[in-house]
Amino acid sequence: MTLYILYGTQAGNAERIAQRVARYAVKRGAAQVHCLPAEETSIQDWGTWGAPVLFISATANQGNAPITLQKTWNQLQKPSAPSLAGLRYAVYGIGDSIYGRFNFFGEMLHKRLQELGGAPLLPCILGDESDRFGLDETLMPWCWTVWVKLGYVPEEDPVAAGEAIRSPLKEGADDTPLFPLFDVRPAAQGAAPALGADAALAGTEGEAMAVPRMEPMYTLRVLRNALLTAAGHFQHVRHLELRPETLSCAAADGGAAAPVTAPIPYLAGDALSVYCANVPAQVEALLQRLGYAGDEVVTVTPDTTHGIVASRAEPFLHRAMTVRYLLTYYVDLNAVASQEFLWMLGLHVVGDDEGSVEVRERLLELSSARHIDEFLQYSHREKRNVIEVLHDFKMVTPSLAHFLTFACPMRPRYYDISSAPGLDGDVVHLTVAQLQLKTPLKREREGLCSSHLVRAAEQSRVQAGLWQGTLEMPEEPAPLLFMATSTGIAPVRSIIRTCAADPKWKEMPIYLFYGCRFSEKDYLYGEEWERLKEERMPNLQVVTAFSRDTDTKVYVQHRVAEHAKLVASLLLAGSPDAKLDDGNRSTFFFLCGNANEMPVAVQGVFQTIITEVVYPDQVEKILSLNKRMTGENVGYRNTGTNPFGPYVVGLICFFFFTYLLTNVSY
Ligand SMILES: Cc1cc2nc3c(=O)[nH]c(=O)nc-3n(C[C@H](O)[C@H](O)[C@H](O)COP(=O)(O)O)c2cc1C
């Protein structure tokens, strides 16, 4: 019995869940489980595998496909997508009901697979992180139903099929098989030179070297790293200018680096996926804790002896490297420890003495669904990483193979590019805010990658890939309306500079509503707008909202309300004199900034403006024309195409492109 589990993840949660389900499947008797990011497979193959496929996917950024499913999703949506007749599948969506578009992507995926001829084993199940027991509440019954459908457990067996399904916690983490996905051995004598054995390859603090990765990687030289916010302001935002020097191919092809001969082929809306190294002091602490000096040379290979025969191809596989190098570049030591990590530690506690029993019980408790609140308190709210957990539970020392399996792999952080090829040539700009926070117990935490970038010395190097977004600029010049806050300005700056480089845009009205705290402290790129207006874009208008300059807080939406007539006319037809029945020149609207409250606030003010302030006598007409502007239906997209799609009605050409804060990467 072979089973495929394909996952879509943005930040790693769906990957962890998928691996857990893979373990359950092995326990239930699957002989071979392939557990992979969906994008590592081809949709053409799905219907021909002759094996069921379980899709486990998060919903990202207000209803969108997560990053490891984005390309696949684009292919699935095409009219030319292949028939999926022959595919038997089930979708488990991962989301959180605090978001308006709860599990939107999981539902879309399920529907599309069915449209293409796939046969669902059961209806799409939507996991909700806000459920009392978190995802386990739906995950466990879903697993059981799938096992029954696949014949792994007998349909008639009341324990397996009935009781277990009703009891969400039946298949708990504590009885999943504990086997590592990797095998770690001393590297063979005389093998190729080990990564990290050479001091130069191990990198120096603050400087990422060309560490092999699965995707093509640029090494970029930091030309400039300037503070944008005032000295003493609570938040550090910096402007980085980076020039690509070398490009290495995917690790799978050997990872050879070649000099870069052409600019990075990016467009407005694209991002750099930046990798960084762990802090050396943390690596040394972990080496000591795991019982390594650090210079031991090892080779890691997949451990397929237990049934999981294919899992994500990690770039550290099959190459000799020192343990220090492995832990420096391939495991995220700053990530919050997962429940699975605690569970794995719990199962490593041997001994029946009182102390051992107590520690084991505590760890298994923290890792069980029933104690999710305690886990969140211990781990998430305090941002407790794996090293701190190992420090708290000194009695347990996992093997390196187990540690690698259950710790969080090092993943890149995404930063919107804020430059434009037309104005900035081969130099790429980033606008980076350093993540700094205090936990409830007043422990200071900072973002690994944002700190790495913010501190990157000029002339040091940064390692990054190019993430191509899906933002579509208007084909012909059109009025642009931006609303942005804080570092949400990064993609806006890229678009504005793209337009500034093209004389065709010179006469176009471009309005930027920008919100931050203080005019003197965090008004990012304020002087640049003045210069661009003078030199290239006479019709660029910037309206600012400085929330803390006055006693009463002023936000972007308040400024929008003050300019009601202008905004309404832009939204409705693209011309300040437009009537409701005018308008074929559509304004492109971009909303960029904190995804939590701003979109809803701006939507509210738009609706008020259009229906109550500007066209009070035509409310019904407007609402009937643009149903999607009401209530829950307004679409927010991360660099998406027009979500109104066929719903864009002739009279209200309202293009809604939104960005979410990819700049909050840490
Ligand atoms: C920026 C952001 C946007 C999100 N948007 C949605 C959403 O629109 N709908 C939803 O159901 N869940 C949403 N979620 C919740 C995620 O789906 C959920 O946290 C999930 O566990 C993330 O899985 P991942 O780590 O595999 O990406 C969002 C989470 C984040 C961080």
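Structure shown above.
Quick look at the structure, then.

Conventions we followed
Positions within a chain are numbered from 1, following the residues in the order the chain's sequence is written. Only residues with pLDDT of at least 70 get local features here, since the model is predicted, and only at 80 or more are side-chain atom pairs given and counted; chain-wide, interface and lining totals rely on the full set of residues. To get the side-chain values, take all heavy atoms of the structure and skip hydrogens and water. Strands are runs of DSSP state E lasting at least two residues, helices are runs of H or I lasting at least four, and both sets are numbered from the N terminus onward. Only protein chains enter the accessibility calculation, which uses a 1.4 Å probe. A residue is then buried if its area is under 20% of the maximum for its type, exposed if over 50%, and partly exposed in between. In what follows, residue pairs with any heavy atoms lying within 4.5 Å of each other are defined as contacts. Accessibility throughout is a Shrake-Rupley quantity obtained with a 1.4 Å probe, and a residue counts as covered only by protein chains that appear here. We call two strands paired when DSSP finds no fewer than two bridges between them. What we call a nonpolar core is a set of buried Ala, Val, Leu, Ile, Met, Phe, Trp, Tyr and Cys residues that are connected through their side-chain atoms within 4.5 Å. Working definition: residue near molecule or strand if any one of its non-hydrogen atoms lies within 4 Å of it. The definition of a polar contact used here is a pair of N or O atoms within 3.5 Å, where within protein one atom must be able to donate a hydrogen and the other to accept one, and adjacent residues in sequence count solely through side-chain atom pairs. Any residue outside Ala, Val, Leu, Ile, Met, Phe, Trp, Tyr, Cys, Pro, Asp, Glu, Lys and Arg is labelled polar, Gly included; the first ten of those are nonpolar and the last four are charged. None of His or the chain ends enter the tally, which takes Lys and Arg as positive and Asp and Glu as negative. When a carboxyl oxygen of Asp or Glu is within 4 Å of a side-chain nitrogen of Lys or Arg, the pair counts as a salt bridge. Multiplying 1.5 Å by the helix residue count minus one yields the expected span of that helix. Axes here refer to lines fitted to C-alpha atoms; in helices the fit is confined to the stretch in contact. Angles between the N-to-C directions go from 0 to 180 degrees. For classification purposes, angles smaller than 35 degrees are called roughly parallel, those larger than 145 roughly antiparallel, those between 65 and 115 roughly perpendicular, and all remaining angles oblique. Here a crossing is called left-handed whenever its near helix is offset anticlockwise from the far helix by less than a right angle, and right-handed whenever the offset is clockwise. Of all possible arcs, the one meant is that of the directions from the helix axis to the C-beta atoms. Side-chain rings of Phe, Tyr and Trp (the six-membered ring for Trp) are treated as a pair once their centres are within 6.5 Å; stacked means planes under 30 degrees apart, edge-to-face means over 60, and tilted covers the remaining angles. Only lysine NZ and arginine CZ atoms are considered, and such an atom sits over a ring when it is within 6 Å of the ring centre and within 35 degrees of the ring normal.

Looking now at the overall build of the chain. Check the secondary structure of the chain and you find 21 helices and 24 strands. Residue burial in the chain is summarised as follows: out of 666 residues, 56% are buried. Pairs at least 24 apart in sequence give 77% of the contacts found in the chain among residues at least 6 apart. Approximately 27,700 Å² of the chain is accessible, and the part contributed by carbon and sulfur atoms is 51%.

Next up on the list: the sheet that holds strand β7 (residues 182-186). The strand order across the open sheet built from three strands is β7-β12-β14, with neighbouring strands paired in antiparallel fashion. Two strands in the sheet have a free side with no partner beyond their single neighbour: β7 and β14 (321-322). Pairing analysis gives five bridges linking β7 to strand β12 (residues 297-302), with the strands arranged antiparallel. In the strand pairing of β12, D183 is matched with T301.

This brings us to the nonpolar core. Grouped together as the largest cluster of nonpolar side chains are 81 residues, with contacts concentrated most on W142, W147, F341 and F403. Not counting residues within four places of it along the chain, the set of residues in contact with W142 comprises V21, L54, I56, A90, V91, Y92, L122 and I125. With 30 residues, the next largest nonpolar core counts A268, I489, I496 and W505 among its residues.

Taken together, 20 residues lie near the ligand, and T9, N13, T59, N103 and E129 sit nearest. N13 is positioned with one of its side-chain polar atoms (N or O) 2.7 Å from an oxygen atom of the ligand. Of all the elements in the fold, those that place two or more residues in the shell around the ligand are α1 (13-27) and β4 (88-95). Among the residues forming the shell around the ligand, the class breakdown is seven nonpolar, 10 polar and three charged.

Looking at the secondary structure, you find D270 in the loop between β10 (257-259) and β11 (271-275). This buried residue, D270, is left without a salt bridge; K71 holds the nearest opposite charge, at 11 Å. Side-chain polar atoms of D270 contact the backbone nitrogen of L267, separated by 2.8 Å.

For Q70, the position within the fold is in helix α3 (residues 70-77). Overall, Q70 belongs to the buried group, its relative accessible area being 18%. Only 3.3 Å separates the side chain of Q70 from the backbone oxygen of A65, close enough to count as a polar contact. Sequence-distant contacts of Q70, defined by excluding residues within four places in its chain, comprise A65 and W467.

Note on helix geometry: an α-helix contains 3.6 residues per turn, so any two residues three or four positions apart are oriented the same way. For helix α16 (residues 489-500), which comprises 12 residues, the first-to-last C-alpha distance of 16 Å matches the rise-based estimate of 16 Å (1.5 Å per residue) to within 8%. Burial runs high along α16: 11 of the 12 residues are buried. Of all the residues in α16, the buried ones are I489, A490, P491, V492, R493, S494, I495, I496, R497, C499 and A500.

Throughout the structure, instances matching the rule amount to 26 salt bridges. Of the charged contacts, one joins E388 and R445 as a salt bridge, the two residues approaching to 2.8 Å between their closest N and O atoms. One end of the pair, E388, is in helix α12 (residues 386-392); the other, R445, is in strand β18 (residues 444-446), with 57 residues separating them in the sequence. Via salt bridges that share partners, E382, E388, R443 and R445 belong to a single interconnected network.

Taken together, the 10 bridges between strand β8 (residues 217-227) and strand β9 (residues 237-248) define a ladder with antiparallel strand orientation. Paired with T219 across the two strands is T246, which belongs to β9. Relative to strand β19 (residues 461-467), β8 runs antiparallel, the two being bridged by four bridges. Bridged to Y218 within β19 is A464.

Orientation of α3 relative to helix α4 (residues 104-115), taken along the N-to-C sense of each, is 40 degrees, at an axis distance of 11 Å. As judged from the angle between their axes, α3 and α4 are oblique. α3 and α4 meet at a crossing whose hand is left-handed. Two secondary-structure elements touch here, α3 through W73, L76 and Q77 and α4 through F105, M108, L109, R112 and L113. Here the residues of the contact of α3 with α4 are counted per class, giving six nonpolar, one polar and one charged.

What follows covers the environment of V53. With respect to the helices and strands, V53 occurs in strand β3 (residues 53-58). Between the C-alpha atoms of V53 and V33, which are 20 residues apart in sequence, the distance is 10.0 Å. Leaving out residues up to four positions away in the same chain, V53 has contacts with Y4, L6, L87, R88, Y89 and A90.

Here we come to helix α10 (residues 354-366). Between its first and last C-alpha, α10 extends 18 Å over 13 residues, near the 18 Å set by a 1.5 Å rise per residue. Of all the residues in α10, the buried ones are S356, V359, R360, L363 and L366. Looking down the long axis of α10, one finds its buried residues gathered within 135 degrees of arc, a one-sided arrangement. The exposed set on the far side of α10, more than 90 degrees from its buried face, consists of E354, E358 and E361. On its buried face, α10 is in contact with α9 (339-348) and α11 (372-380).

So, about the packing of aromatic side chains. Enumeration according to the criterion identifies 18 aromatic pairs in this entry. Here F182 and F316 contribute two aromatic rings whose centre-to-centre distance is 5.4 Å and whose plane-to-plane angle is 65 degrees, an arrangement assigned as edge-to-face. With F182 in strand β7 and F316 in the loop between β13 (308-311) and β14, the pair connects residues that are 134 residues apart, well separated along the chain. Looking at F182, the relative accessible area reads 7%, which means it is buried. Here the basic side chain of R23 rests over the ring of F179, its NZ or CZ set 4.7 Å away from the ring centre. K521 extends its terminal NZ or CZ atom over the ring of F518, reaching a point 4.7 Å from the ring centre.

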